[in-house]
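The residues making up each chain are set out below.
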Number of protein chains: 2
Amino acid sequence: MSPKTKIIASTCLALCMSVGSFFVSAQQLNAEQQAQLNELKNTALQSDLSYQLIESLTTEVGHRLMGSEGDKKSIVWAVDKMKALGFDKVWTEEVTGSYWLRGDAKAKIIAPYPHDVVVLALGGSVGTAEKGLTANVAHFETFADLKAAPDNSLNGKIAFVSYQMERHIDGKGYGPAVGTRVTGAVVAAQKGASALVMRSVGTDNNRTAHTGVMRYKDGVKKIPAATLSNPDADLLVNQLKRGKPVSLFLKMTAKTDAEVIAKTANVIGEFTGSELPNEIVALGAHLDSWDVGTGALDDGLGIGMVVAAAHHIGQLPKRPKRTIPVILFAAEEVGLLGAKEYVKVHKNDMVNHAIGAEWDFGIGRIYKMTPGVGAQSLNAIRELAQYLAPLGVSLSPDNNAKGQSDMSALSNLGMPSINFSPDGSNYFDYHHTENDTLDKVEPEALKFNTAIYTMYAYFAAQAAVDFRK
Amino acid sequence: MSPKTKIIASTCLALCMSVGSFFVSAQQLNAEQQAQLNELKNTALQSDLSYQLIESLTTEVGHRLMGSEGDKKSIVWAVDKMKALGFDKVWTEEVTGSYWLRGDAKAKIIAPYPHDVVVLALGGSVGTAEKGLTANVAHFETFADLKAAPDNSLNGKIAFVSYQMERHIDGKGYGPAVGTRVTGAVVAAQKGASALVMRSVGTDNNRTAHTGVMRYKDGVKKIPAATLSNPDADLLVNQLKRGKPVSLFLKMTAKTDAEVIAKTANVIGEFTGSELPNEIVALGAHLDSWDVGTGALDDGLGIGMVVAAAHHIGQLPKRPKRTIPVILFAAEEVGLLGAKEYVKVHKNDMVNHAIGAEWDFGIGRIYKMTPGVGAQSLNAIRELAQYLAPLGVSLSPDNNAKGQSDMSALSNLGMPSINFSPDGSNYFDYHHTENDTLDKVEPEALKFNTAIYTMYAYFAAQAAVDFRK
């Protein structure tokens, strides 16, 4: 940079900073739009709307397991809230599936001494016989060890996998741990086990177990599958170390109600674009939740963030160019049923999904964004990154992101997306547990993340660039 | 200090430090004894005996509620362990009382929406009728507010006190919160309530409730009394803020088995003094526990610390002057029954209790000691404080301490004592909950605290001074 250029740059920098922007000649946003972006940031950082939405949902509706009363009530709640918050259009799109009933789950160590332990049925699990079952425990430190067990070696036993999820900022400990949850019951049944009991997939030290979805396989016996709280798993491991038999009683009344086709719905509200109304900047979260807490984090947080973000943008004097729909997906927890239905219904419209982002990753502050967009739009992404940098968001060098959770179904069909990464260190202390409650929400982080989603959505809706690959 | 004195002092300091002591001419301990004290410190800081004792107790015995199988088993465990650890004498002293059965406790919010909440019966509570009870909730922010309610104003209602315990390093938030637990059911019944439900006396944010002892009053109707987990109490408060009726279903099968006289025992093991065998330096902890966790902290920690401390001293070539008994008291949680029996049986011997200390305050590191001794022994206490100072223990200027828990019954009869204060900031996250489990023990803090108790007991058993008032 020459001295002359330096002076000009300095002058520009001073001018630009005075209106809160970073670019002399905006690549995507002009000066007025940059000022609006800045205004939106301040609004979102000062607003407690996202918190109030979560408070309302958890206090007035509660959990929202696919097919439950709370699930039905949440659809009405979401429609009412979005209408009250001035969305241009609000509608529902039906989603159907089966209704799994958790029932009760009880477990007790019988030997070496009688002791109640804390278990939860995995989502989709069958129950035990009415009187329950008592069996010796066969211990495996990892899922690989269980897979390596000889056929019939677990006849009459309860398979117990004690692998403990690791705590990491990006939640990467989840992947290696969750395999047992999803397909462990199939493998255990193939070896002859009467039931699968596994250490909860979580990082907490509470006597609260973690639930989550599991699957059976055609032709393999369906056996009950439950998770054990971390302290109880520790106890079982210590008892097993003594080398004497450890036996467990397990009674579960979980079942899938085959008679009932559960009806639920994706709830969609949009602020319609002023210039490119057919082009969609999608904001997503999921409306359903597991049934043991109130779903404040999973995914109350996402609902609060994306509804508030769209609302803030909707308060501007003029709609941005592109349409911003908030899609509150149904039945994410039980297998992305809402997202699958969405991409079926909107098949012909997928090409108009300019970009999308979901929030389904908990409490912590966002520190990184990773795009998954057409190469021609990477400069625009860098511009967005510069607007977000003062909030502590760094730009990943990768360009391979998919949307979170439901949005992955849309990304898989080519929709560009941005994945925002939060500090996920403590999310798996609460995820899918009875502890997923309002008190775990961190109001300041929530404001911060809502501001980031508001700025992102506004930017994407106004940008001249095409994000598509 | 003159330059000459300075040189002498420096030389002395160097000499003293070289043998790990602080006094040129020991007031209570001679140079050999100071060296032993130092050796004991190092032994305790390196030993994991106290941890191993807690691991064994929680893994092999489990909870130890007065009258339960675990309670009986723990007596055998304690006798065996102390014998194996070389105590000179080990014996039991029978303690009797009533046997309270927790049974099951279930609670569910009925309105505004059906939602299971987490409750625990308070120790000693009666149950509900078999079908449970459903009633509207009458909310009181404090126990004082409940006391101020007019007579009959709670007829047909469940009284709910939402006061939240504060977190403090010295646990001083416990006192203002625990009153409702002990006598709240009496006051609520006097106003006509069908049941008392109170926010748990604890500082955590888990869906685990806190139990603890409560009392009824002759002539006042016995109503069921339960605690609600903190997140559930928050939810109830938020729902009540809407101004619409909030109703709760409560079903408890708790009862006191009037037919059964429960038998348990104080377990005592001693290292007999070499010169003053009739003078007693008592180390205490309580062997019983609540029944919802495994009693690893309350009072597994105390058991581990005092048994290990005495054992370390017992490994010296020669017994100290005074006798060191470890008293593992029975039935502390249900009303200090073991301590009351102890002072009855040892009435004529109380005068020989030279000094005593208990450990019943959890996980954190000790940072302060407060004596409650005869004024003539305060210099000796200062000497002890100087030995403990390098471990971060400060000496309180007060001289009014009583023993913790059980030992308070002995202090009340004139036994001198020292109260060691730990960082209690997080103890009430776990105290009296399902979360009182082995994983909460902090091994390094435990070694540290064991070292302090070892040094204290050795010092008190060797000191020439009389601690009595």
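Since this is a predicted model, take the numbers as computed values, not measurements.

Cut-offs applied
Residues numbered from 1 in each chain as written. Chains lettered and ligands numbered in written order. Predicted model: local features only at pLDDT ≥ 70, side-chain atom pairs only at ≥ 80, totals over all residues. Helix = DSSP H or I, 4+ residues; strand = E, 2+ residues; numbered from the N terminus. Rg over C-alpha atoms; globule rule 2.2 N^0.38 Å. Buried ≥ 20, exposed ≤ 12 C-beta atoms within 10 Å, placed from the backbone. Contact = placed C-beta atoms within 7 Å. Least-squares fit on C-alpha atoms with pLDDT ≥ 70 in both. Expected span 1.5 Å × (residues − 1). Nonpolar A, V, L, I, M, F, W, Y, C, P; charged D, E, K, R; others polar. Pairing = 2+ DSSP bridges. Axes fitted to C-alpha atoms, helices over the stretch in contact; angles between N-to-C directions. Domains from an automatic or database assignment. pLDDT = per-residue confidence, 0-100. Parallel < 35°, antiparallel > 145°, perpendicular 65-115°, else oblique. Left-handed = near helix turned anticlockwise from the far one by under 90°.

A few words now on the overall build of chain A. Helices and strands together make up the secondary structure of chain A, namely 12 helices and 16 strands. Here chain A has a C-alpha radius of gyration of 24 Å; the compact-globule value for 469 residues is 23 Å, and the two agree. Considered along the principal axes of its C-alpha atoms, chain A spans approximately 80 × 50 × 35 Å. A buried classification covers 55% of the 469 residues belonging to chain A. Partitioning the contacts of chain A with sequence separation of at least 6, the portion at a separation of at least 24 is 81%.

On to the relation of the copies chain A and chain B, then. Rotating chain A by 180° about the axis while translating it 0.0 Å along that axis superimposes it on chain B, leaving an RMSD of 0.0 Å. Taken together, the rotation and translation describe the operation of a two-fold axis. Taken together, the interface assignments show that 100% of the residues at the interface of chain A recur at the interface of chain B, consistent with an identical surface on both copies.

The subject of this paragraph is helix H3 (residues 49-60) of chain B. Here H3(B) contains 12 residues, and its C-alpha end-to-end distance of 16 Å stays within 8% of the 16 Å for a straight helix at 1.5 Å per residue. Burial in H3(B) covers these residues: B:Leu49, B:Ser50, B:Tyr51, B:Leu53, B:Ile54, B:Leu57, B:Thr58 and B:Thr59. Contact partners of the buried residues in H3(B): helix H7 (230-241) of chain A together with helix H4 (69-84), helix H8 (296-314) and helix H12 (443-462) of chain B. Following H3(B) by one or two positions, B:Gly62 has its phi on the positive side, about 85°.

What follows is about helix H9 (residues 337-345) of chain A. For H9(A), the set of buried residues is A:Leu337, A:Gly338, A:Ala339, A:Glu341 and A:Tyr342. Buried residues along H9(A) sit in contact with strand E1 (89-101), strand E10 (255-271), strand E11 (276-286), strand E12 (322-329) and helix H11 (407-411) of chain A.

Between chain A and chain B, the residue contacts involve 27 residues of the former and 29 residues of the latter. Looking at which element gives the most residues to the side of chain A that touches chain B, the answer is H7(A), with 5 residues. Residue composition of the side of chain A that touches chain B, by class: 8 nonpolar, 11 polar and 8 charged.

Turning next to the sheet that holds strand E5 (residues 133-140) of chain B. Residues and elements named next belong to chain B. Reading across the sheet, the 8 strands line up as E3-E2-E9-E5-E6-E7-E8-E4 and stay open at both edges, with mixed pairing between neighbours. The open sheet has two edge strands with one neighbour each: strand E3 (115-117) and strand E4 (119-121). Put simply, the sheet's adjacent strands are angled 35° from each other on average, direction ignored. Both strand E2 (residues 105-111) and strand E9 (residues 247-252) contribute to a ladder of 6 bridges, which runs antiparallel. Within E9, the residue paired with Ile 109 across the bridge is Leu 248. Contacting strand E6 (158-161), strand E7 (195-199) and strand E8 (225-228), helix H6 (residues 174-190) runs over the sheet at an angle of about 145° to E7.

Residues and elements named next belong to chain A. Partitioning chain A into structural domains gives domain 1 (29-100 + 260-462) and domain 2 (104-253). Inter-centroid distance (C-alpha atoms) of domain 1 to domain 2 is 34 Å. Of the residues belonging to the side of domain 1 that touches domain 2, the class tally is 6 nonpolar, 8 polar and 4 charged.

Residue and element names in this part refer to chain A. Looking at chain A as a whole, its pLDDT mean stands at 94, while 94% of the residues score no less than 70. The low-confidence segment residues 1-26, where pLDDT is below 50, has 20 contacts with residues more than four positions distant or belonging to other chains. Per the prediction output, this complex has pTM 0.92; the corresponding ipTM is 0.90.

With that settled, the discussion passes to the sheet that holds strand E3 (residues 115-117) of chain A. Residue and element names in this part refer to chain A. The mixed open sheet is built from 8 strands, whose spatial order is E3-E2-E9-E5-E6-E7-E8-E4. The strands lining the two open edges of the sheet, one partner per strand, are E3 and strand E4 (119-121). Mean inter-strand twist for the sheet, computed between neighbouring axes without regard to direction, equals 35°. With 4 bridges joining them, strand E7 (residues 195-199) and strand E8 (residues 225-228) adopt parallel strand pairing. The residue bridging Val 197 from the neighbouring strand is Ala 226, located in E8. Its contacts with the sheet place helix H6 (residues 174-190) against strand E6 (158-161), E7 and E8, and it is angled at close to 145° to E7.

Here the focus is the packing of helix H10 (residues 378-388) of chain B against H12(B). Residues and elements named next belong to chain B. In the contact formed by H10 and H12, the axes pass within 11 Å of each other and the chain directions differ by 150°. Overall, the two elements H10 and H12 adopt an arrangement that is roughly antiparallel. Crossing of H10 against H12: the hand is right-handed. On H12, the residues that touch Leu 384, Tyr 387 and Leu 388 of H10 are Ile 452, Met 455, Tyr 456 and Phe 459. Its residues assigned to classes, the contact of H10 with H12 shows 7 nonpolar, no polar and no charged.

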